[in-house]
Amino acid sequence: RRCYYSGMDTTDYVVGGRLEADVDQLLRGQVLPAQEAPAPPDAFLAALPEPGRRGIAKLTDMLRSGTFPDLYDFNPEWGTDTSSFPNVDPDAFALGNDGAGNYWLLCADGTVHSWCHDEGGLMEDHNSFASVDEALACWVQYTAVREEHVALDDVRAIFEAKADGEDNGWAFFLETLEDL
């Protein structure tokens, strides 16, 4: 049984080179074409914790250069204006959507939350992440399973360890994979 990064520490996952390694290994180099990607507003960046600032800067560069991972159910909508979204932290920065109208938002405290339009525009906690590093690490693992590059059993331990009995993004995506 193969387990990638058992006990996965996602600190600096985006800026430390592990994201690129996983794109090559787990996603077999699947990336999106280069596209426009506005940087978050200066006021948002000033409020964002340092790891979040470094992570979002790296991801923005990856989008612009055509090295951003092609993630399952994730369509980049970098910087989409969220001011008309009900119940959204006014400082939230849109990262992308799931193709069904729900958005992934980076909040000024560094957390990543889903904004669900079906629920009247609620920021949801049950599928949230503590950081952009956590979110990207999970989305890459999830995509690798959905694209059948790895079996769920190969990465199950990561999802279980990161979920840690909590109601969070890792638990949400593990449940989604188990229901396939």
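Numbering of residues starts from 1 in every chain and runs along the sequence as written. Owing to the predicted nature of the model, reporting of local features is limited to residues with pLDDT of at least 70; listing and counting of side-chain atom pairs is limited to 80 or more, with chain, interface and lining totals taken over all residues. With hydrogens and water excluded, all non-hydrogen atoms of the structure serve as input to the side-chain values.

Some details on the confidence of the model for the protein
Point 1. Here the protein averages 90 in pLDDT, and 95% of its residues register 70 or above.
Point 2. When the elements of the protein are averaged for pLDDT, strand S5 (residues 122-129) gives the smallest value, 80, and helix H3 (residues 50-65) the largest, 97.
Point 3. Note: pLDDT gives the predictor's confidence per residue, expressed from 0 to 100. Contacts are assigned to residue pairs with any non-hydrogen atoms lying within 4.5 Å of each other. Taken as a whole, residues 1-6 scores under 50 in pLDDT and shows 21 contacts with residues more than four places along the chain or in a different chain. In this description a helix means any DSSP run of H or I spanning at least four residues, a strand means any run of E spanning at least two, and both kinds are numbered starting from the N terminus.

Digging into the packing of aromatic side chains
Point 1. Geometry of aromatic contacts follows a simple scheme: Phe, Tyr and Trp rings, the Trp one being its six-membered ring, pair when their centres are within 6.5 Å, and the pair is stacked under 30 degrees between planes, edge-to-face over 60, tilted otherwise. Per the counting criterion, the structure on display carries 17 aromatic pairs.
Point 2. Measuring from ring centre to ring centre gives 5.1 Å for Phe172 and Phe173, while their planes differ by 85°; the resulting arrangement is edge-to-face.
Point 3. A relative accessible area of 7% means that Phe173 is categorised as buried.
Point 4. Chaining the aromatic ring pairs together yields one cluster made of Phe44, Phe68, Tyr72, Phe74, Trp78, Phe93, Trp104, Phe129, Trp139, Tyr142, Phe172 and Phe173. The classification of residues rests on relative accessible area computed with a 1.4 Å probe and restricted to protein chains. Under 20% of the type maximum is buried, over 50% is exposed, and intermediate values are partly exposed.

As for the environment of Ala144
Point 1. On the secondary structure map, Ala144 appears in helix H4 (residues 132-146).
Point 2. Classification of Ala144 as buried rests on a relative accessible area of 0%.
Point 3. Separated by 64 residues in the primary sequence, Ala144 and Thr80 have C-alpha atoms spaced 27 Å apart.
Point 4. Contacts of Ala144, omitting those with residues within four sequence positions, involve Leu26, Leu27, His149 and Val150.

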